[in-house]
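# Descriptive analysis of the structure
Read off the chains here:
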Amino acid sequence: MTLATWQDLCVDAREPRRMADFWAAVIGLAPRDGEPPVALDGPTDGHRVWVNPVEHPRTAKSRVHLDVYARAIADLEALGATVVLPAEESGFGWTVMRDPEGGELCAFVREEPPAYRLHGVVVDCADPAATASWWGDVFGVPVTTHEGHDWHTLERVTPDEVLTLDFVPVPEPKVGPNPVHWDVQGEVEALLDAGATRLWDTGRWTVLADPEGNEFCVFPPTGR
């Protein structure tokens with residue numbers, strides 16, 4: 001049974017217009033004009049990313065970050081990203097970077113990257129198997145476990161066939177709100193019954209937390 005459907009992704013920023021231009025160029029989206037929050041539009045509503053203004057600085061490593069495709073690391077550096085750990089040193093197939101406000105992202109170099117270059121949304125977890133299973137039940141999709149690693153993936157949650165939600169283990173506890181979260185459409189009470197926690201209501205949407213405390217926003221279903 002599906003309890004919610006994907007709506008869009010949100011990124012907090014102290015300078016939302018600057019960060020909207022950065023993420024639009026990185027992902028391959030079109031930023032709207034006007035005052036923040038800034039919408040970055042893609043081929044469907046489900047590809048949309050909102051860049052929301054916040055006043056507080058980032059004081060801890062985010063438990064949610066974005067994986068992106070790029071033709072070259074230099075292209076991302078030209079946009080304002082900085083390298084933290086090159087792929088050659090990490091032993092993995094990606095380069096760890098920071099966006100202009102210090103948020104972590106991972107870049108996967110491809111000779112011909114797709115037009116929509118958001119590759120994955122990665123969630124750090126104390127218990128990635130349980131958290132992936134919870135979200136798999138919410139979205140009504142199976143969990144893929146990567147052999148030899150405590151990594152767990154949900155596919156085809158969003159309208160994009162490539163974008164995945166990935167849940168990976170970390171030793172440190174969650175500190176503060178995540179600067180990246182996703183919005184869903186669903187019934188709040190059903191999500192609460194499934195194990196979510198109510199944080200606050202805005203009138204238009206309700207902010208909940210999953211069993212590991214990761215914030216997400218719930219909007220009433222629209223039927224799309």
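Conventions used here
- Residues numbered from 1 in each chain as written.
- Predicted model: local features only at pLDDT ≥ 70, side-chain atom pairs only at ≥ 80, totals over all residues.
- Heavy atoms only, no water.
- Core = buried A, V, L, I, M, F, W, Y, C linked by side-chain atoms within 4.5 Å.
- Buried < 20%, exposed > 50% of the residue type's maximum accessible area, 1.4 Å probe, protein only.
- Helix = DSSP H or I, 4+ residues; strand = E, 2+ residues; numbered from the N terminus.
- 1 Å grid on protein atoms, 1.4 Å probe; cavity = no way out; pocket = protein on both sides within 12 Å on 5 of 7 lines; lining within 4 Å.
- Points joined across faces, edges and corners; volume = space filled by probe spheres on them.
- Nonpolar A, V, L, I, M, F, W, Y, C, P; charged D, E, K, R; others polar.
- Pairing = 2+ DSSP bridges.
- Axes fitted to C-alpha atoms, helices over the stretch in contact; angles between N-to-C directions.
- Expected span 1.5 Å × (residues − 1).

## Brief notes about the nonpolar core
Judged by nonpolar contacts, the single largest core of 53 residues is most densely connected at W23, F139, W182 and F216. A total of seven residues in this core trace back to one element, the largest contributor, which is helix α1 (residues 16-27).

## Quick look at empty space enclosed by the protein
Across all of its chains, the model carries three cavities of 30 Å³ or more by this definition. Put simply, the largest cavity is a space of about 60 Å³. Forming the walls of the largest cavity are V11, W23, R58, S62, V64, H65, L66, D99, G103, E104, P179 and V180. Considering every element that reaches the lining of the largest cavity, the biggest residue donor is strand β5 (residues 64-70), with three residues. Of the residues assigned to the lining of the largest cavity, the class counts are six nonpolar, three polar and three charged. Taken as a whole, the second largest cavity holds about 50 Å³ of empty space. In this structure, the second largest cavity is lined by V64, V123, W135, N178, V180, H181, W182, D210, N214, E215 and F216. Only β13 (180-186) and β16 (215-219) provide two or more residues apiece to the lining of the second largest cavity. Of the residues forming the lining of the second largest cavity, the biggest block, three residues, is contributed by β13. Residues belonging to the lining of the second largest cavity are distributed by class as follows: six nonpolar, three polar and two charged.

## Focus: the sheet that holds strand β12 (residues 164-169)
Strand order across the open sheet formed by eight strands is β6-β7-β8-β5-β9-β12-β11-β10, with mixed pairing between neighbours. For this open sheet the edge positions go to β6 (82-85) and β10 (143-145), each flanked by a neighbour on one side alone. Between one strand axis and the next, the sheet turns by 30° as a mean value, whatever way the strands run. Sheet topology places β5 next to strand β8 (residues 104-109); five bridges connect them, and they run parallel. Along β8, the bridge assignment pairs A70 with V109.

## A closer look at α1
Two residues of an α-helix separated by three or four positions point the same way, owing to the 3.6 residues in each turn. When the terminal C-alpha atoms of α1 are compared, their 16 Å separation across twelve residues agrees well with the 16 Å that a helix rising 1.5 Å per residue should span. Along α1, the residues classified as buried are P16, M19, A20, F22, W23, A24, V26 and I27. Just downstream of α1 lies G28, where phi reads positive at about 95°.

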